[in-house]
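Chain by chain, the residues run as shown.
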Amino acid sequence: MRRQLDLFVADETQSDEIGPAPAPASVFGIAERLSPRLRLGTSSWSFPGWAGIVYDRAASQAKLAREGLAAYAQHPLLRAVSVDRSYYGPLDAAHFAAWADDVPETFRFAVKVDRACTTPDLREGTGPGMLPNPLFLDPDHALRSTIRPALDGLGDRAGVFILQFPPVQPRLVGGPRTFAERLGRFLDDLPADVPIAVELRTPELFTPRYADSLARTRAVHCYTVHPRMRSLADQLNAIPVAANRVLVVRWMLHAGLGYEEAREQYRPFDRIIDEDRATREITARACLDAERLDRDAYVLINNKAEGSAPLSVLHLAEHIVGLAS
């Protein structure tokens, strides 16, 4: 597939504007057979190695970050994207509005909530000490830092907000029961019509009480494929697709690898290196379950999952269509 798409890469001297890499007719055919409520996408969009796959030319990461989204959104299979920048600090409504202007009305953004809301402690200066984070599970900060600016800027293109908790010692959040109760109170204080997906990286916190807090507040579990978390199959068995008003899957990291190791092995992210057929199968079936239940679904894939997120999207879409045939 990579070699085929490379044939279409344009000469960058023709124009400074980044355009989409022309996709084969077969890719458009696959897209037409997918449910319009299924939105596949990637974690961010600024990867130079996607030239010939998503973009029609080579460009720097900085240029793609500024100008690549419009071309990304023209790919027939890329109907969503994860905004990771908002996890590292607040963005104003103007940032989100500029991105909304670059994409079609049917496109959706999955927006990470500021990590200050999900990190229970903070490092004290440059030393080794840690202090309790006063903004941990603070609903006012979540609204002020992320949710309101994103809703104001994105409008109808705001899809789902992801509350990503880093791996922690359970005692730092008071243990699984206290965590579930506090999470429930936090979610109670957010608008009920704002779709919130909670992503855990600590399996001890993935309990029936946690699931009950989500169900009571209409938030959903974000199924994450990550070596630190329980398997995707286990997560789906504990909280089935039917328990969620929207399906959210984040396929993040290949088993047995850390982020830095995966980055070094997989860059420049222009081909599949470690195919994960088991995850593809389970994810595809979950997407078809969501379609049968008439639910929206998001699957957001990282380059570190198999080597190239947009090619992982392609293979997943092919598999979904094949299973549905």
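Residues numbered from 1 in each chain as written. Predicted model: local features only at pLDDT ≥ 70, side-chain atom pairs only at ≥ 80, totals over all residues. Heavy atoms only, no water.

Caption draft 1: Spatial organisation of the nonpolar core. Counting 95 residues, the largest nonpolar core has Tyr-72, Phe-109, Leu-183 and Ile-196 as the members making the most contacts within it. No other element matches the eight residues that helix 13 (residues 309-324) contributes to this core. Apart from residues no more than four positions distant in its own chain, Leu-183 is found in contact with Leu-137, Leu-163, Phe-165, Val-198, Tyr-210 and Leu-214. In this structure, Val-220, Cys-222, Val-248 and Leu-300 belong to the second largest nonpolar core, which totals 11 residues. (Core = buried A, V, L, I, M, F, W, Y, C linked by side-chain atoms within 4.5 Å. Buried < 20%, exposed > 50% of the residue type's maximum accessible area, 1.4 Å probe, protein only. Helix = DSSP H or I, 4+ residues; strand = E, 2+ residues; numbered from the N terminus. Contact = heavy atoms within 4.5 Å.)

Caption draft 2: Inspection of the pairing of strand 9 (residues 246-251) at higher detail. Here strand 9 lies mainly inside the structure; six of its six residues are buried. A two-sided burial pattern is seen for strand 9, the buried positions comprising Val-246, Val-248 and Arg-250 on one face and Leu-247, Val-249 and Trp-251 on the other. Bridge count between strand 8 (residues 220-225) and strand 9: four bridges; the pairing is parallel. Along strand 9, the bridge assignment pairs Val-225 with Trp-251. Where strand 9 lies against strand 10 (residues 296-301), six bridges are found, and the strand directions are parallel. Its bridge partner lying in strand 10, Trp-251 is registered against Ile-301. (Pairing = 2+ DSSP bridges.)

Caption draft 3: Structural view of the packing of helix 2 (residues 25-33) against helix 13. Following both chains from N to C, one finds helix 2 and helix 13 inclined at 55°, their axes separated by 10 Å at the closest point. As far as their axial angle goes, helix 13 and helix 2 are oblique. Crossing geometry of helix 2 relative to helix 13 is assigned as left-handed. Contact with helix 2, carried on its side by Val-27, Ile-30 and Arg-33, involves Leu-314, Ala-317, Glu-318 and Val-321 of helix 13 and no other residues of that element. Taken together, the residues that form the contact of helix 2 with helix 13 break down as five nonpolar, no polar and two charged. (Axes fitted to C-alpha atoms, helices over the stretch in contact; angles between N-to-C directions. Parallel < 35°, antiparallel > 145°, perpendicular 65-115°, else oblique. Left-handed = near helix turned anticlockwise from the far one by under 90°. Nonpolar A, V, L, I, M, F, W, Y, C, P; charged D, E, K, R; others polar.)

Caption draft 4: Representation of the confidence of the model for the chain. Taken as a whole, the chain shows an average pLDDT of 93; of its residues, 93% reach a score of 70 or greater. Long-range and interchain partners of residues 1-13, a stretch whose pLDDT sits below 50, account for 27 contacts in this model, where long-range means more than four residues apart. (pLDDT = per-residue confidence, 0-100.)

Caption draft 5: Summary view of the side chain of Asp-84. Relative to the helices and strands, Asp-84 is located in the loop between strand 2 (80-83) and helix 5 (93-101). Engagement of the side chain of Asp-84 in a polar contact is seen with the side chain of Ser-82, the distance being 2.7 Å. When near neighbours in sequence (up to four residues on either side) are disregarded, Asp-84 contacts Ser-43, Ser-44, Lys-112 and Arg-250. (Polar contact = N/O pair within 3.5 Å; in protein donor to acceptor, adjacent residues only side chain to side chain.)

Caption draft 6: Region of the structure containing the state of the cysteines. Evaluation of the coordinates by the stated rule reveals zero disulfides. With no disulfide of its own, Cys-222 has Cys-287 as its nearest cysteine by sulfur position, at a separation of 12 Å. Given the relative accessible area of 0%, Cys-222 is considered buried. (Disulfide = S-S within 2.5 Å.)

Caption draft 7: Local environment of the pattern of salt bridges. All chains considered together, the criterion is met by 16 salt bridges. Among the ionic pairs, Asp-56 bridges to Arg-57, the shortest N-O distance being 2.7 Å. When its relative accessible area of 9% is taken as the criterion, Asp-56 is described as buried. Here Asp-289 makes a salt bridge to Arg-292, at a shortest N to O gap of 2.4 Å. Of the two residues, Asp-289 and Arg-292 both sit in helix 11 (residues 277-292), three residues apart, roughly one turn of that helix. Residue class for Asp-289 comes out partly exposed when judged on its relative accessible area of 30%. Put simply, Glu-275, Arg-277, Arg-280 and Glu-306 are held in one network by salt bridges that share partners. (Salt bridge = Lys/Arg side-chain N within 4 Å of Asp/Glu carboxyl O.)

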